[in-house]
Structure formats: structure tokens, C-alpha cells
Amino acid sequence: MSKNNGAVSEEIVAAITAAVESMTGKKVKAVRIKRSDAWAMAARA
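Residues numbered from 1 in each chain as written. Predicted model: local features only at pLDDT ≥ 70, side-chain atom pairs only at ≥ 80, totals over all residues. Heavy atoms only, no water.

Engineer: I keep staring at the overall build of the protein and nothing clicks. Help me out?
Structural biologist: Tallying secondary structure elements over the protein gives 2 helices and 0 strands in all. Every one of the 45 residues in the protein was classed for burial, and the buried ones make up 9%. Split by element, the accessible area of the protein, about 4200 Å² in all, is 57% carbon and sulfur. (Helix = DSSP H or I, 4+ residues; strand = E, 2+ residues; numbered from the N terminus. Buried < 20%, exposed > 50% of the residue type's maximum accessible area, 1.4 Å probe, protein only. Areas by Shrake-Rupley, 256 points an atom, 1.4 Å probe, with all protein chains shown as cover.)

Engineer: Looking at this structure, how should I read the pattern of salt bridges?
Structural biologist: For side chains bearing opposite charge, pairing can occur when the charged atoms are close. Tallied over the entire structure, the rule returns 1 salt bridge. With its nearest N and O atoms 3.8 Å apart, the salt bridge here joins Lys27 to Glu21. Look at Lys27 and you get exposed, because its relative accessible area is 67%. (Salt bridge = Lys/Arg side-chain N within 4 Å of Asp/Glu carboxyl O.)

Engineer: What's the story with a nonpolar patch on the surface in this structure? I'm lost.
Structural biologist: Side chains of Ile12, Ile16 and Ile33 sit close together on the surface and give an oily, nonpolar patch of about 220 Å² of accessible area. The topology assignment puts Ile16 in helix 1 (residues 10–24). (Patch = residues over 30% accessible without salt bridge, like charges linked within 9 Å, V, L, I, M, F, W, Y side chains within 5 Å.)

Engineer: It is not clear to me how the environment of Val8 should be interpreted in this structure. Could you clarify?
Structural biologist: Position of Val8 relative to the elements: it lies in the segment before helix 1. Sequence-wise, Val8 and Lys34 are 26 residues apart; in three dimensions their C-alpha atoms are separated by 9.8 Å. Setting aside chain neighbours within four positions, we find Val8 in contact with Val13 and Ile33. (Contact = heavy atoms within 4.5 Å.)

Engineer: For this particular structure, what's the right way to read the environment of Ala14?
Structural biologist: If you trace the backbone, Ala14 turns up in helix 1. A C-alpha to C-alpha distance of 9.7 Å links Ala14 and Val31, two positions 17 residues apart in sequence.

Next comes the structure, spelled out in C-alpha cells:
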């Protein structure tokens, strides 16, 4: 898997990839993580 994750730490990418693989039962080849302003605002509340 390419490490093209920008500002997202590798631990977060690994955790999301593992969760997706466990839910789908298939090997994940790519994960796209998009920044959400709603999540950023919720964390600051």
C-alpha cells in the first residue's frame, strides 16, 4: 500500500484499514481518507 496519506498518521491509516478489512472480510488495497470539517468542529466543541 502506498504511503500517500499526507497529514494523517500511519497508525490511524492502519486502524481504519484493519476495521474495513474486518467488516468486509476482504483484503483492502486502498483507503482514501478525506478531511471533514464537521469532525474537526466536533472535536473542538
